[in-house]
Amino acid sequence: MSSKTVLVSTTVAALCLAGLATAAQADPPSAAPEQAPPAMVDAMERDLGLTEQQVHTRLANEQRAAAAEAKLSTQLGASYAGAWLNADASKLNVATTDRTATASIEAQGAQPVVVSRTLAQLNAVKDQLDRAGSGRASLWYVDVSTNTVIVAAPSRRAADAFVTRAGVDRSAVQITTSAESPQPFINIVGGAAYYIGSGTRCSIGFSVTRGATPGFVTAGHCGRTGARTTQPTGTFQGSSFPGNDYAWVAAPGNTVRPWVRGSGGQNVIVRGSTQASVGSSICRSGSTTGWRCGTIQQHNASVRYPEGTITGLTRTSACAQPGDSGGSFISGSQAQGVTSGGSGNCTSGGTTYHQPVNEILQTYGLTLVTG
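Residues numbered from 1 in each chain as written. Predicted model: local features only at pLDDT ≥ 70, side-chain atom pairs only at ≥ 80, totals over all residues. Heavy atoms only, no water.

1. Observations concerning the sheet that holds strand 3 (residues 92-96)
And step 1. Spatial strand order, 2-3-4: three strands in an open sheet with mixed pairing. On the outer flanks of this sheet lie strand 2 (80-85) and strand 4 (111-114), each paired with one strand and no other. Ignoring which end each strand starts from, the neighbouring axes of this sheet average 25° apart.
And step 2. Inspection of the sheet shows strand 2 paired to strand 3 by four bridges, in the antiparallel sense. Counted as the bridge partner of A83 is V94 from strand 3. (Pairing = 2+ DSSP bridges. Helix = DSSP H or I, 4+ residues; strand = E, 2+ residues; numbered from the N terminus. Axes fitted to C-alpha atoms, helices over the stretch in contact; angles between N-to-C directions.)

2. Topic: the packing of helix 4 (residues 119-132) against helix 5 (residues 156-166)
And step 1. Running from N to C, helix 4 and helix 5 cross one another at 100°; their axes reach a closest spacing of 9 Å. When the axes of helix 4 and helix 5 are compared, the pair comes out roughly perpendicular. Contacts from Q128, L129 and A132 in helix 4 reach F162, V163, R165 and A166 in helix 5.
And step 2. Class assignment for the residues of the contact of helix 4 with helix 5 results in five nonpolar, one polar and one charged. (Parallel < 35°, antiparallel > 145°, perpendicular 65-115°, else oblique. Contact = heavy atoms within 4.5 Å. Nonpolar A, V, L, I, M, F, W, Y, C, P; charged D, E, K, R; others polar.)

3. Thoughts on the sheet that holds strand 10 (residues 200-203)
And step 1. Taken in spatial order, the eight strands make up an open sheet running 10-9-13-14-15-12-11-24, and their pairing is antiparallel. The strands lining the two open edges of the sheet, one partner per strand, are strand 10 and strand 24 (367-368).
And step 2. Bridge analysis of strand 13 (residues 228-230) against strand 14 (residues 234-240) gives two bridges, and the strand direction is antiparallel. Note on strand 14: the bridge partner recorded for T229 is G234.

4. Looking at the state of the cysteines
And step 1. Counted by the stated rule, this structure contains three disulfides.
And step 2. At a sulfur-sulfur separation of 2.0 Å, the disulfide partner of C202 is C222. For the disulfide bridge between C202 and C222, the dihedral angle about the S-S bond is near -90°, and by the sign convention the bridge is left-handed. In this pair, C202 is assigned in strand 10 and C222 in the loop between strand 12 (213-218) and strand 13, connecting sequence segments 20 residues apart.
And step 3. On the basis of relative accessibility, which here comes to 0%, the residue C202 falls in the buried class. (Disulfide = S-S within 2.5 Å. Buried < 20%, exposed > 50% of the residue type's maximum accessible area, 1.4 Å probe, protein only.)

5. A closer look at the pairing of strand 23 (residues 349-356)
And step 1. The buried fraction of strand 23 is high, at six of eight residues.
And step 2. Here strand 20 (residues 308-316) pairs with strand 23 via three bridges, running antiparallel. Its bridge partner lying in strand 23, T314 is registered against H354.
And step 3. Here strand 22 (residues 334-345) pairs with strand 23 via eight bridges, running antiparallel. Bridge assignment links V338 to a residue of strand 23, and that residue is Q355.
And step 4. Hairpin connection, strand 22 to strand 23: the antiparallel pair is bridged by three residues.

6. Details of the nonpolar core
And step 1. In this structure, M40, F206, V217 and W291 are the most contacted members of the largest nonpolar core, which totals 29 residues.
And step 2. When residues of this core are traced back to their parent elements, those giving at least two are helix 1 (38-48), helix 2 (52-76), strand 11 (206-210), strand 15 (246-250), strand 19 (290-305), strand 22 and helix 6 (357-364).
And step 3. Top element by residues in this core is helix 1. It accounts for five residues.
And step 4. Sequence-distant contacts of V217, that is, excluding residues within four places in its chain, are made with I204, G205, F206, V208, A247, W248, G326, V338, V357, I360 and L366.
And step 5. Membership of the second largest hydrophobic core comes to 24 residues, among which are L129, V142, V149 and F162. (Core = buried A, V, L, I, M, F, W, Y, C linked by side-chain atoms within 4.5 Å.)

Structural data, given as structure tokens:
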């Protein structure tokens, strides 16, 4: 079997929301804090520098924050401008353009932040950048904590040229230089490994079903529609890359389980796919580097690969390496997405992006397998 593997290296954003049911339904976490699996606690202690008690406190705070964010995003309506946790996840910040809404935000235990642009306006700026083509910009994303859209490139000149060509409101954009150079790791692919064709390796994202057919979701750059897989055996039923980076594989005859492979091979249970807030902890599992944790930095990021631009990704500080492509991103017990790519590695540190799982479920009419 060839050692060739695949992981797309890039910046990416997005999230998740279904529970046991289809992707179109949301299943918010319960009010009572969930018990974190030992494997997740160990990895968060290692990768986030926390004590065991700090891990449990953080996860409980994040669970409450996700519920409050979901409620306030609806309650604030058009004035909603995003939400994010502070560094230790002890406080949820919720932005709005409506000064009269601060009391409502505080009533949910969150810190109100009055800003000049709504989340819809920021997303519209980013959408305009998406349509412009990337030029030499490396990545761009909505940063709710600064109420701007960040554009990163190797030089300010390259970023300026991209922003000018897009014709967006300059006041809504923050330009930064970045040495990140996302590359797809098509020759070395990444919870559990599976193989495509003559031996290219990627990682399974999450177990799904479509009707009575079992299968799994993964990264689109791992295989095109019609490609065959082994260990488990299956066939790519749908694949999108570039533009998106997701796919689903039908694997009849195999048994789907509501698990992600955690630290030391222990199983971490998947209970739903409620999107976690910016600033929340997140862990990923892949067949090269195993179980690694970090925090969510931004949602809705676009990144330029040599093959083209990928949009709607989530940017995280969890590291990954070639071979981890398609693997699981999970926050607490909630599925978040499948690994697309990134930069850096698990020795020096890096940035990794995932494609939101709920978008994949919705696109292909899949049901997430949960426990």
